[in-house]
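Spelled out, the chains give:
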Amino acid sequence: MKNQKKRPAKRPKSYQRRTKKNWKQSLTLWIAVILMLTFCFVLSLSLLSEHYERPLEVAQVPQSELFIDEIAPHAKVIQERHNILPSIILGQAILESDWGQSQLAATYGNLFGIKAYGNTDKVNLGTSEFVDGKWIEIKADFRVYPNWQASMDDHALLFVNGVDWNPNLYQGVIQATTYQEAARALQAAGYATDPNYQEKIIGVIETYNLNKYD
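Predicted, not measured: the structure shown is a model, and the values here were computed from it. For every chain, the first residue of the written sequence is number 1, and numbering continues from 1 onward in sequence order. In view of the model being predicted, local features appear only for residues whose pLDDT reaches at least 70, and side-chain atom pairs are presented and counted only at 80 or more, with totals across whole chains, interfaces and linings using the full set of residues. To get the side-chain values, all heavy atoms of the structure are used, and hydrogens and water are removed first.

K.L.:
Please set out the layout of surface pockets residue by residue, giving values where relevant.
P.N.:
Only protein atoms enter the 1 Å grid used here. Points where a 1.4 Å probe fits but cannot escape make up a cavity, open sets with protein on both sides within 12 Å along at least five of seven lines make up a pocket, and a residue lines them when an atom lies within 4 Å of a point. Grid points are joined across faces, edges and corners, and a volume is the space filled by probe spheres set on the points. Of the voids in this model, the largest pocket is the one considered here, and its volume is about 1200 Å³. Along the walls of the largest pocket sit 39 residues, with F112, G113, I114, K115 and Y191 positioned nearest its centre. Those elements that place two or more of their residues in the lining of the largest pocket are α3 (86–97), α4 (103–108), β1 (122–131), β2 (134–143), α5 (148–161) and α8 (197–207). A run of H or I in DSSP becomes a helix once it reaches four residues, and a run of E becomes a strand once it reaches two; helices and strands are each numbered from the N terminus. The element best represented in the lining of the largest pocket is β1, accounting for five residues. Classifying every residue of the lining of the largest pocket gives 19 nonpolar, 12 polar and eight charged. Amino acids are sorted into nonpolar (Ala, Val, Leu, Ile, Met, Phe, Trp, Tyr, Cys and Pro), charged (Asp, Glu, Lys and Arg) and polar (every other residue, Gly among them).

K.L.:
I'd like to hear about the packing of aromatic side chains, residue by residue, with values.
P.N.:
Aromatic rings from Phe, Tyr and Trp, taking only the six-membered ring of Trp, are treated as a pair when their centres fall within 6.5 Å; an angle between ring planes under 30 degrees marks them as stacked, one over 60 as edge-to-face, and anything in between as tilted. Under the counting rule described, the total for this entry stands at seven aromatic pairs. Here the aromatic rings of F159 and Y170 are separated by 5.2 Å at their centres, their planes lie at 50°, and the arrangement is tilted. On the criterion of sequence distance, the pair formed by F159 in helix α5 and Y170 in the loop between α5 and α6 (171–175) is long-range, its members being 11 residues apart. Pair check on accessibility: F159 and Y170 agree, each one buried. With centroids separated by 6.1 Å and ring planes inclined at 70°, the aromatic side chains of Y170 and Y191 adopt a geometry described as edge-to-face. Taken together, the residues Y170 in the loop between α5 and α6 and Y191 in the loop between α7 (179–189) and α8 connect sequence positions 21 residues apart. In this structure, Y170 and Y191 share a single accessibility class: buried. Grouping aromatic residues by their ring pairs yields a cluster made of F67, W99, W148 and Y208. Under the scheme applied here, a residue whose accessible area is under 20% of the maximum for its type counts as buried, over 50% as exposed, and between as partly exposed, the area being computed with a 1.4 Å probe on protein chains only.

This is the structure:
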């Protein structure tokens, strides 16, 4: 009689079901753990990002403050030299150059829209003029400056020296003791064609408290 090989005993079906069930439970548990770790990782990155971004947001300075900080010291120098109120210089620079962002100011250093005559560095650009009761667009030559400080110096000399046909045209601006008086003198001298120029200058000065530099 030949020896017969013994077949391995089959495990009960109940054991197989338990094993399969345990495997599914383990897989579910591992998936839950992985998802939890992923969530914690993403959350930590988000919190870390906020931690480093907040100081940058606090440190940001408005464009208006940066512009004023840039030119206010030289406006004080001009006051000492020529007795022109810094608030008027700053107010005009803001109004004329749109906070230094106009093409004439940003590219050509001209903060005040000073026109160019004769043989000097200049650029021809479009501008708005108030003529015969309405605004019109024209082309005009404007002075080109190496920097804003040079533009401020030339602007001050215009007030000091006046124009060829009237050297005393802007003496009222120099002699003014308040920004209101200086703004009225600018309007009376015809510095700008805008009929509301005086009110606009005063409005800018009062909105940004520029008279604190006077």
